[in-house]
Amino acid sequence: MFKKHAETREAKRRHRQIMNAAYHLITPMLIVDRTARLSPEDVVVLVQGRHQIRITADEAKDALGAALLERGYSLDRMTTA
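Report follows, based on the coordinates.

## Concerning unusual backbone geometry
- Unusually for a residue other than glycine, Q52 sits at a positive phi of about 55°.
- Along the chain, Q52 turns up in the loop between helix 3 (40–51) and helix 4 (57–70).

Dropping the structure here:
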């Protein structure tokens, strides 16, 4: 029972750290520069640098997409490369 609780708590912490990194990339400059694009690789690098967590490109893409939509931006602000 305690192991399950610890795993759940760790998963929530990891998710929060990944999402915070994605939110950090979304700056007011995106409002001014309509051509600015963010890539999932930016999230991968930032999460590794800040929290020493290795994530996949798919996890980064999901986090970045969620952060963009939550802040009112379109998914086409994300690069596909």
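## A word on the nonpolar core
- In terms of nonpolar packing, the biggest core is built from 22 residues, with I26, L30, L38, V43, V47, I55 and L68 touching the most fellow members.
- At the level of elements, helix 1 (2–25), helix 3 and helix 4 are the ones that each hand at least two residues to this core.
- Looking at this core element by element, the count peaks at six residues for helix 1.

## A short note on helix 3
- Compared with the 16 Å implied by 1.5 Å per residue over 12 residues, the 16 Å span of helix 3 between its first and last C-alpha is a close match.
- Looking at the buried side of helix 3, the elements it contacts are helix 1 and helix 4.
- Once helix 3 finishes, Q52 follows within two positions and takes phi at roughly 55°, a positive value.

## So, the environment of Q17
- Looking at the element boundaries, Q17 is found in helix 1.
- Residues Q17 and I55 lie 38 residues apart in sequence; the distance between their C-alpha atoms is 11 Å.
- The residues touching Q17, leaving out its near neighbours within four places in the chain, are H51 and I53.

## Description of the packing of helix 3 against helix 4
- Following both chains from N to C, one finds helix 3 and helix 4 inclined at 105°, their axes separated by 8 Å at the closest point. Accordingly, the angle class assigned to the pair helix 3 and helix 4 is roughly perpendicular. Touching P40, V43 and V44 of helix 3 are A57, A60, K61 and L64, all from helix 4.
- Taken together, the residues of the contact of helix 3 with helix 4 break down into six nonpolar, no polar and one charged.

## Remarks on a nonpolar patch on the surface
- Side chains of M29, I31 and V32 sit close together on the surface and give an oily, nonpolar patch of about 330 Å² of accessible area.
- Here M29 shows up in helix 2 (residues 29–32).

Parameters at a glance
- Throughout, residues of each chain are indexed from 1 in the direction in which the sequence is written.
- pLDDT decides what is reported in this predicted model: residues at 70 or higher carry local features, side-chain atom pairs at 80 or more are listed and counted, and totals for whole chains, interfaces and linings draw on all residues regardless.
- Processing note: side-chain calculations cover all non-hydrogen atoms of the structure and skip hydrogens and water entirely.
- Helix and strand assignments come from DSSP, with helices taken as H or I runs of at least 4 residues and strands as E runs of at least 2, each series counted from the N terminus.
- Residues belong to one nonpolar core when they are buried, are Ala, Val, Leu, Ile, Met, Phe, Trp, Tyr or Cys, and are joined through side-chain atoms within 4.5 Å.
- Throughout this description, buried means an accessible area under 20% of the type-specific maximum (1.4 Å probe, protein chains only), exposed means over 50%, and partly exposed covers the range between.
- Each helix should span, by expectation, one fewer than its residue count multiplied by 1.5 Å.
- In this analysis, two residues are considered to be in contact whenever any of their non-hydrogen atoms come within 4.5 Å of each other.
- The convention used is that axes are lines fitted to C-alpha atoms, helices contributing only their stretch in contact, and that angles between N-to-C directions extend from 0 to 180 degrees.
- The labels follow the angle: roughly parallel below 35 degrees, roughly antiparallel above 145, roughly perpendicular from 65 to 115, and oblique for the rest.
- Three residue categories are used. Nonpolar comprises Ala, Val, Leu, Ile, Met, Phe, Trp, Tyr, Cys and Pro, charged comprises Asp, Glu, Lys and Arg, and polar comprises the others, including Gly.
- Note that patches include only residues with greater than 30% relative accessible area and no salt bridge, and the join distances are 9 Å for like charges and 5 Å for nonpolar side chains (Val, Leu, Ile, Met, Phe, Trp, Tyr).
- Method for areas: the Shrake-Rupley scheme with a 1.4 Å probe, in which residue coverage is limited to the protein chains shown.
- By salt bridge we mean one thing: a side-chain nitrogen of Lys or Arg within 4 Å of a carboxyl oxygen of Asp or Glu.

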